[in-house]
Amino acid sequence: MREPVTRPRPVREQLPSGGPELLTLLARLLRRPRRGDRRLPLLWLVRPTGDGAIAALLRRFAARRAGRRVPHAVLDLAGRPAGDDVAAVLRELHRQLSVEAFGAPRLRFRHYPLADWLMHQTLAVDLDAADSGRAALVRRLRDWRGRRAGDDPQVGGDSGLGTAVHLLLWLLWRAVPSVVFRIAVSGRVPLVGRQYRWFMRQQYLAPRQSVTFLGFAERLTAGWRDGEHPAQVEKLLLHAFLEDLRLAYRRRFWRPGDWRRTAYPMLVLDGARPDNVGHTLVRLVDEVRNETGRNDPLLVVAVAADPPPEPAAARPLTQAEEAYEEWVEALPENRRLRRPGAWLMLLAADDRDVDVPVGGVPPALVAPDPPWWARRFLPAAVALALVAGLGVWAHGRWAPDCRPWPADRVSVRLVGGECVGYSDTAGQVFNSEPGQDRLRAVQRRIFAQNRAAEEVWRRSEHRRPYLTLVYLGSLTGNRTRADEESYVSEREELEGMATAQYALLQESAAADDAALLHIVVANAGRQMRHAGEAVRMLEGLARDDPTVLGVVGMVDSRASTAAALRELNRVGLPVLAPPCRPTGWTPTPASTWPCPRPTGIRSRWSRRTPGRCCACGRRTSTGPPARAAR
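Residues numbered from 1 in each chain as written. Predicted model: local features only at pLDDT ≥ 70, side-chain atom pairs only at ≥ 80, totals over all residues. Heavy atoms only, no water.

## What about helix α11 (residues 320-336)?
Next, step 1: Between its terminal C-alpha atoms α11 stretches 24 Å, which fits the 24 Å expected from 17 residues at 1.5 Å a residue.
Next, step 2: Within α11, the axis deviates most sharply at Ala330, by approximately 45°, and proline Pro332 lies no more than four positions further along.
Next, step 3: Along α11, the residues that are buried comprise Ala320, Ala323, Tyr324, Trp327, Leu331, Asn334 and Arg335.
Next, step 4: On its buried face, α11 is in contact with α1 (19-30), α10 (277-292), β6 (315-316) and β7 (344-348).
Next, step 5: Note on α11: the residue one or two positions beyond its end, Arg338, has a positive phi of about 55°. (Helix = DSSP H or I, 4+ residues; strand = E, 2+ residues; numbered from the N terminus. Expected span 1.5 Å × (residues − 1). Bend = angle between axes of the 7 residues up to and from the residue. Buried < 20%, exposed > 50% of the residue type's maximum accessible area, 1.4 Å probe, protein only. Contact = heavy atoms within 4.5 Å.)

Structure follows, in structure tokens:
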């Protein structure tokens, strides 16, 4: 016989009257909108005397989840010393909010720690220029660790080297930081010293009367601030604290990390009274918001047994949503008129408890997940995709023996497995195949003489004629054996150019007006098949370098060569090709050539393909010229 299965009854949780409505309102207020920001009220919750259920409810629901939680700080004012002031409360609030314990990057403060640190400094009132309070303040501001000039590194020895090293270390350790600090603290250089510049532009304690930040900082130190209004000092501290929160919650499209803050921070003041620091802090937040006209992302919840002295109509806690809507409608006018308690929203709770089933309890106060494009994995994924795309792009254009050289005039790319482009430096030498040592050697010789020609031209202060010629030919192609030499004609042509270049260098040593030759080696690929790509690269070289005189080479009679000749003619680069007439043949006069000659190009008859024009490769109607009589 089967035993009856007993199902557990749903557990009911006791909440204060209006607790679910309060938690629903807090979840709505703390959830940051995707666009823009909402104005957060100063919630003053009036609880029955001796009843701590409201504060316990806020503590429990704010700290329930272990993942992404709402940044919050809880201050039990009843357990704090009676002499606590606003500065001490802000110090504790800063300590609780700056820890990294909410599943998100911690809040960083820049202005408030500086203002609080200045208030703890004690300066001598002595006006001696050698040891004045201003000089001590400058030293402490420059290095918060208080390192003095006596701690400078010492270098022994009376030699000149020891003195130079000591001077260098002094510049590194003292002079450079001092100059940077002086520039930053002046506030006159953009993007440097923003926090110092902010103190001089805010409105409390009349900073313009101090002229410089150092004078204003001196007024905040112990003893010197005795002549300042205490309320103004407290407002300055609070304004700096709220400014840090504003900066932490600003959104910039170029920083995805700013969009990960999806919940506003919350401050719970338990045990606030109209005569203690809790009410003073709430009143100062209200006044700073009215006087500065700026919003801040801090939600203040004060739990008290008595209502505040500011005139405000209390609404039952069960009507929290309706009370918030009314407060939003009345805020613009109250803010414009700067009425006391314009940001205050008063809710009252009774002493009744209600049983709420598990499904009816609002969830814990948690921070929503950030948008997908602000997740932590996205920057890594984007960087990985960029690196992969760059690798794919570079793999299709570069190779270990074909890569651009940023320091010199090198423009190459991998086309069809061949390194096409031009170079004038040994950083890029064409044809790395075995057996082509002599071809690579003559290229390196030309590139070395290029550096020598540039040095001679530089020493002459650019007075000597300086010309650049581009050799364009087929420097790569079919693979050969290690004991077989190919590209003999190209190698001999380069050797001839290297010889002419060397002769001009020797001549320039004795004649001031002798020309200097700079040679750029360009590769158009096997059988000039990539000549068009090489010409497009040379077009940019001719546009940027006015010393380029023309192009030599172009010995292959092919259709790609003819297309390259037409492109060079369009660019405006003249071409000088060596003659290729066969032995015993006499070319006809230019007036009887059957193929029109492009401007700036010298035609010739081809030995390998008689009857074809070397300029365009087309077959002529008259055939090759007659053989000359012997």
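## Details of the side chain of Arg289
Next, step 1: Relative to the helices and strands, Arg289 resides in helix α10.
Next, step 2: A polar side-chain atom of Arg289 sits 2.7 Å from the main-chain carbonyl oxygen of Leu40.
Next, step 3: A polar atom in the side chain of Arg289 sits 2.7 Å from the side chain of Asp296.
Next, step 4: Setting aside anything within four residues of it in sequence, one finds Arg289 in contact with Leu40, Pro41, Leu42, Arg294, Asp296, Leu298, Arg335 and Trp343. (Polar contact = N/O pair within 3.5 Å; in protein donor to acceptor, adjacent residues only side chain to side chain.)

## Topic: the packing of α1 against helix α2 (residues 53-62)
A pair of packed helices is characterised by two quantities: the angle between their axes and the separation of those axes.
Next, step 1: Interaxial distance between α1 and α2 falls to 11 Å at its minimum, and their mutual angle equals 45°. Classified by the interaxial angle, the pair formed by α1 and α2 is oblique. Remark: the crossing between α1 and α2 carries right-handed chirality. Residues Gly19, Leu22, Leu23 and Leu26 of α1 lie in contact with α2, whose contacting residues are Ile54, Leu57, Leu58 and Phe61.
Next, step 2: For the contact of α1 with α2, the class distribution of residues is seven nonpolar, one polar and no charged. (Axes fitted to C-alpha atoms, helices over the stretch in contact; angles between N-to-C directions. Parallel < 35°, antiparallel > 145°, perpendicular 65-115°, else oblique. Left-handed = near helix turned anticlockwise from the far one by under 90°. Nonpolar A, V, L, I, M, F, W, Y, C, P; charged D, E, K, R; others polar.)

## Side note on the sheet that holds strand β9 (residues 410-415)
Next, step 1: Taken together, the six strands give an open sheet; going across it, the order is β9-β10-β12-β11-β13-β14, and neighbouring strands pair in mixed fashion. The sheet terminates laterally at β9 and β14 (575-576), the two strands that pair on one side only.
Next, step 2: Sheet topology note: the β9/strand β10 (residues 418-423) ladder contains six bridges and is antiparallel. Across the sheet, the residue bridging to Arg413 is Val420, located in β10.
Next, step 3: Those strands touched by helix α15 (residues 531-544) are β9, β10, β11 (466-473), β12 (516-523) and β13 (548-553), and its axis lies near 20° from that of β10. (Pairing = 2+ DSSP bridges.)

## What about the packing of α1 against α11?
Next, step 1: For the pair α1 and α11, the least separation of the axes is 8 Å and the interaxial angle reads 40°. The pairing of α1 with α11 is recorded here as oblique in orientation. Every residue of α11 that contacts α1 at Glu21, Thr24, Leu25, Arg28 and Leu29 is listed here: Ala320, Glu321, Tyr324 and Glu325.
Next, step 2: Classifying every residue of the contact of α1 with α11 by side-chain character gives four nonpolar, one polar and four charged.

## A look at the packing of aromatic side chains
Next, step 1: Tallying each qualifying case throughout the model produces ten aromatic pairs.
Next, step 2: Ring centres of Trp327 and Trp343 lie 6.1 Å apart, and the angle between their planes is 55°; this geometry places the pair in the tilted category. Taken together, the residues span a long stretch of sequence, with Trp327 in helix α11 and Trp343 in the loop between α11 and β7 at a distance of 16 residues.
Next, step 3: Residue Trp327 is classed as buried on the basis of its relative accessible area, which comes to 8%.
Next, step 4: Classification of Trp343 by relative accessible area gives buried; the value is 1%.
Next, step 5: On the basis of an interplanar angle of 10° and a centroid distance of 4.3 Å, the ring pair of Trp457 and Tyr466 is categorised as stacked.
Next, step 6: Linked through ring pairs, Tyr196, Trp198, Phe199, Phe213 and Phe216 together constitute an aromatic cluster.
Next, step 7: The ring of Tyr249 has Arg261 lying over it, and the distance from NZ or CZ to the ring centre is 5.8 Å.
Next, step 8: For Arg289, the ring lying beneath its charged end belongs to Trp343, and the centroid distance is 4.8 Å. (Phe/Tyr/Trp six-rings, centres within 6.5 Å; stacked < 30°, edge-to-face > 60°. Lys NZ or Arg CZ within 6 Å of the ring centre and 35° of its normal.)

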